[in-house]
Each structure stands twice: as C-alpha cells, then as structure tokens.
Amino acid sequence: MPSYDPENIFAKILRGEIPSHKIFEDEHTYAFMDIMPQADGHALVITKAGSRNLLDADPSVFAPLMATVQKVARAAQKAFGVEGVLIKQFNEADAGQTVYHLHVHVIPRPAGTLLKPHSGKMADHSLLAEHAGKYRAALAEA
Ligand code: AMP
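Here goes a summary of the coordinates provided. Keep in mind it's a predicted model, so treat the numbers as computed, not measured.

### So, the site of the ligand
Phase 1: As a matter of local geometry, the ligand sits amid 18 residues, with Asp34, Thr98, His103, His105 and His118 nearest to it.
Phase 2: Between glycine 96 and the ligand, the recorded distance is 2.7 Å, taken from a backbone N or O atom to an oxygen atom.
Phase 3: Histidine 105 has a polar side-chain atom sitting 2.7 Å from an oxygen atom of the ligand.
Phase 4: Relative to its free-state accessible area of 510 Å², the ligand is covered by the protein chains to the extent of 94%.
Phase 5: Sorting the residues of the shell around the ligand by element identifies helix H1 (9–14), strand E2 (29–33) and strand E5 (103–109) as the ones contributing at least two each.
Phase 6: In terms of residue count, H1 provides more of the shell around the ligand than any other element does, three residues in total.

### Thoughts on unusual backbone geometry
Note: most peptide bonds trans; most residues except glycine with negative phi.
Phase 1: One non-glycine residue, glutamate 92, lies in positive phi territory at about 75°.
Phase 2: Within the secondary structure layout, glutamate 92 lies in the loop between strand E4 (84–88) and E5.

### Description of the pattern of salt bridges
Phase 1: Under the counting rule described, the total for this entry stands at six salt bridges.
Phase 2: Between glutamate 17 and arginine 15 there is a salt bridge whose closest N-O contact spans 2.7 Å.
Phase 3: Residue classification places glutamate 17 among the partly exposed residues on the basis of a relative accessible area of 47%.
Phase 4: Ionic pairing is found between lysine 78 and glutamate 141, a salt bridge with its closest N-O pair at 3.8 Å.

Criteria and thresholds
- Residues numbered from 1 in each chain as written.
- Predicted model: local features only at pLDDT ≥ 70, side-chain atom pairs only at ≥ 80, totals over all residues.
- Heavy atoms only, no water.
- Near = heavy atom within 4 Å.
- Polar contact = N/O pair within 3.5 Å; in protein donor to acceptor, adjacent residues only side chain to side chain.
- Areas by Shrake-Rupley, 256 points an atom, 1.4 Å probe, with all protein chains shown as cover.
- Helix = DSSP H or I, 4+ residues; strand = E, 2+ residues; numbered from the N terminus.
- Salt bridge = Lys/Arg side-chain N within 4 Å of Asp/Glu carboxyl O.
- Buried < 20%, exposed > 50% of the residue type's maximum accessible area, 1.4 Å probe, protein only.

Below you can see the structure in the form of structure tokens.
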C-alpha cells in the first residue's frame, strides 16, 4: 500500500489551503460537506491524523473519529428530518476510495429515496453552505 500523501485534498482542507463547508471541529476531527453529495446533507468526517484510510490508521484515531461521526449523524437526523443515516467508508481504489485521507461518509436517508452516484455531480456552493448551516444549528441545540 502506498504511504500517506500530505498533499491530498483533505489534508489541504485541514490546513485551510482550500475551502470547505465546515460543520464541526474538535482536537482530533473535522466535519464538512461532501462537494458531490449523494443526498442532501451528505457530510464527511475526517481525522486530523495523517493516514490513507482505516487500514494504515493508528487504532487510537478511531474512538474520536467515530464519536464525531455519531455527533454528526445525530445532527443529520435533526437537521434533515430523517430517521435513517448511512455511514460508509472506503479503503483503497478497488473499494471505491478516491481521496486518500481517512474519512467517513455520513448520509441522511429520507425514506423511499435513492442515493445519487458516488463522486457524481458537484453541488451548488450556496446549497452546501445552507446545509452546513443546518448541521451547525442542530449541533448548537444538542
Ligand atoms: P471516497 O474517497 O471514495 O470515500 O470519497 C471521497 C469523497 O470526497 C467523495 O464523495 C467526493 O465527492 C468528496 N470530495 C472530493 N473533493 C472534495 C472537496 N474538495 N470537498 C468536499 N468533498 C470532496
């Protein structure tokens, strides 16, 4: 497996070199909107540690990462009025990974709807900003 590349796009987001629609941040994790959402409210939670994916990560990153995933998933229920929330995570290209910095997808699933394609169409930035705001409001109430 190749080694972690600190020039990947999520590392650049963490360093503030490229913009993102931020939802939440703590010492170990960062959550923001996926730019090509598979559903309204599709969010990503990343660790601040440098690892490609789950396979090369130090196990100490998982507890804080999943704690933030749970926080964001609960906020998704409230912000997007859903009961169902899909959590998914890809490891290496054959499994569908396209960005090589450990991240977890949080996708609200309204009943009876289909998911849009993975890494499909870029969303409008104003819509992503609005959805990030809904998350932040839900988190502020929690
Ligand atoms: P994967 O590596 O397959 O788990 O997916 C990477 C995800 O990152 C995809 O869902 C992309 O839509 C998303 N993505 C790629 N570039 C950006 C970006 N600059 N900001 C937010 N999301 C991104």
